[in-house]
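Understanding the architecture of this molecule
What follows is each chain in one-letter form.
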Amino acid sequence: MSMAIPHLTGRLAPSPTGALHLGNARSFLLAWLSNRQRGGRLILRIEDIDSPRVKPWARKATLDDLAWLNLDWDEGPDIGGSHAPYVQTERLPRYQLALEFLKQSELVYPCDCSRSEIAAAASAPHEATDGPIYPGRCRQRSARSATDMDPQSFAWRFRASHQRRSWLDAIAGEQSAVVATAVGDFIVAKGDGTPAYQLAVVVDDYEMGVSEVVRGQDLIPSTFRQLDLLDALGWPVPAYMHVPLMIGADGRRLAKRHGDTRVAWFREAGYSPEQLWGFLAWTAGLVDEPRVVLPRELLPTWSPLKVIRQPSVVELDSILRVLDSLHR
Ligand code: GLU
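Predicted, not measured: the structure shown is a model, and the values here were computed from it. (Residues numbered from 1 in each chain as written. Predicted model: local features only at pLDDT ≥ 70, side-chain atom pairs only at ≥ 80, totals over all residues. Heavy atoms only, no water.)

Re the layout of surface pockets
What the largest pocket holds in volume is close to 1,400 Å³. Along its surface, the largest pocket is lined by 50 residues, and Thr17, His21, Asn24, His126 and Arg253 are the ones closest to its centre. Of all the secondary-structure elements, those providing two or more residues to the lining of the largest pocket are strand S1 (9–12), helix H1 (22–37), helix H6 (197–207) and strand S8 (212–216). Residue contributions to the lining of the largest pocket peak at 5 residues, all from H1. (1 Å grid on protein atoms, 1.4 Å probe; cavity = no way out; pocket = protein on both sides within 12 Å on 5 of 7 lines; lining within 4 Å. Points joined across faces, edges and corners; volume = space filled by probe spheres on them. Helix = DSSP H or I, 4+ residues; strand = E, 2+ residues; numbered from the N terminus.)

The following block contains the structure:
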């Protein structure tokens, strides 16, 4: 029996560190549209390695919110699939293997410079958490020298390359940088082998056959790091599309500090998915004016070229005004 080889595999990769909010929902919509319009396979993956920040209720709440919003996927923790498991904490041995390869190739070194940076590395670096370039204090250490060190006291830091990395981003445009000088050496795991976000995502995207990554523009510096890792591991490079963020009037990524923009809040307040999508699709540039709409109705006219490249500045008051002007 022959099996169809899917030409396009995308993923939605929520971190269950809190409730799904409007900004996440809009990014997932764009990932979903890009995938579905071309008949791709879509994987839902739970990125829960950041144990101190993960909330036990958030995984189910996120899946419920996405389903209520009318987004669907072909593989995931709720429906299974050929790339299981779909939860990062159930995939730890895979990250260990990749780390072992990097150690043996002397592409990582033990670094005990910053406890806070080591702790933060388990999460994707959204805005403020993407720190300064590492000055290189531990760079002369070999991976082998770590055998004398307490695993709790250090992190594995990757030797960033001096090669130029570039890609043509369907929304963010041409991107190009030298990782060593623009981003610097970065953490890929704790001393005990617990992976950082950068390593876990690269291993998962490769093993799950992901050929298109769609995520927020704040992760562009992470994409440069991931290109270095893919090259070091000898793995193929997916296509990348970095979508604009939704930000508050203070210029920061939409979050709790801007008021309650949880999808669940709007649902509980009686708004419909059609109203929420009407607002979100309009802010992204997918429809000319706010109108009730469902994701599948956006498929015929979807194009990344339509997406407004700048971040959308939104305030709760104006969101509600638009939603209230739309019929359920
Ligand atoms: N789980 C990451 C986050 O929610 C997504 C990172 C990615 O798409 O690579 O921040």
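Structure shown, so let's carry the discussion forward.
Quick word on the pairing of strand S5 (residues 164–169)
Only one face of S5 is buried: it carries Arg165, Trp167 and Asp169, and the other face, with Arg164, Ser166 and Leu168, is open. The sheet contact formed by S5 and strand S6 (residues 173–178) spans 6 bridges and is antiparallel. Across the sheet, residue leucine 168 finds its bridge partner in S6, namely glutamate 174. Where S5 folds back onto S6 in an antiparallel hairpin, the turn is made up of 3 residues. (Buried < 20%, exposed > 50% of the residue type's maximum accessible area, 1.4 Å probe, protein only. Pairing = 2+ DSSP bridges.)

Structural notes on the site of the ligand
Around the ligand, the neighbouring residues are Arg11, Ala13, Ser15, Glu47, Ala124, His126, Tyr197, Val201, Arg215 and Leu219. At 2.8 Å from a nitrogen atom of the ligand is found a main-chain nitrogen or oxygen belonging to alanine 13. Protein contact buries 86% of the 300 Å² of open area that the ligand shows by itself. In a pocket analysis with a 2 Å cut-off to the grid points, the ligand is assigned to the largest pocket. (Near = heavy atom within 4 Å. Polar contact = N/O pair within 3.5 Å; in protein donor to acceptor, adjacent residues only side chain to side chain. Areas by Shrake-Rupley, 256 points an atom, 1.4 Å probe, with all protein chains shown as cover. Sits in = over half its atoms within 2 Å of the grid points.)

Regarding the packing of aromatic side chains
Given two aromatic rings, their pairing is described by the distance between the two centres and the angle made by the two planes. For the structure on display, the rule yields 8 aromatic pairs. Plain terms: the ring middles of tryptophan 265 and phenylalanine 266 are 5.0 Å apart, the flat faces sit at 90 degrees to each other, and that makes the pair edge-to-face. Taking relative accessible area as the criterion, tryptophan 265 reaches 28% and is therefore assigned partly exposed. Judged by its relative accessible area of 0%, phenylalanine 266 is buried. Taken together, the ring pairs in this structure connect Trp167, Phe224 and Tyr240 into an aromatic cluster. Between the NZ or CZ atom of arginine 157 and the centre of the ring of tyrosine 134, over which it lies, the distance is 3.6 Å. (Phe/Tyr/Trp six-rings, centres within 6.5 Å; stacked < 30°, edge-to-face > 60°. Lys NZ or Arg CZ within 6 Å of the ring centre and 35° of its normal.)

Without other data, these values stay purely geometric and don't point to any function.
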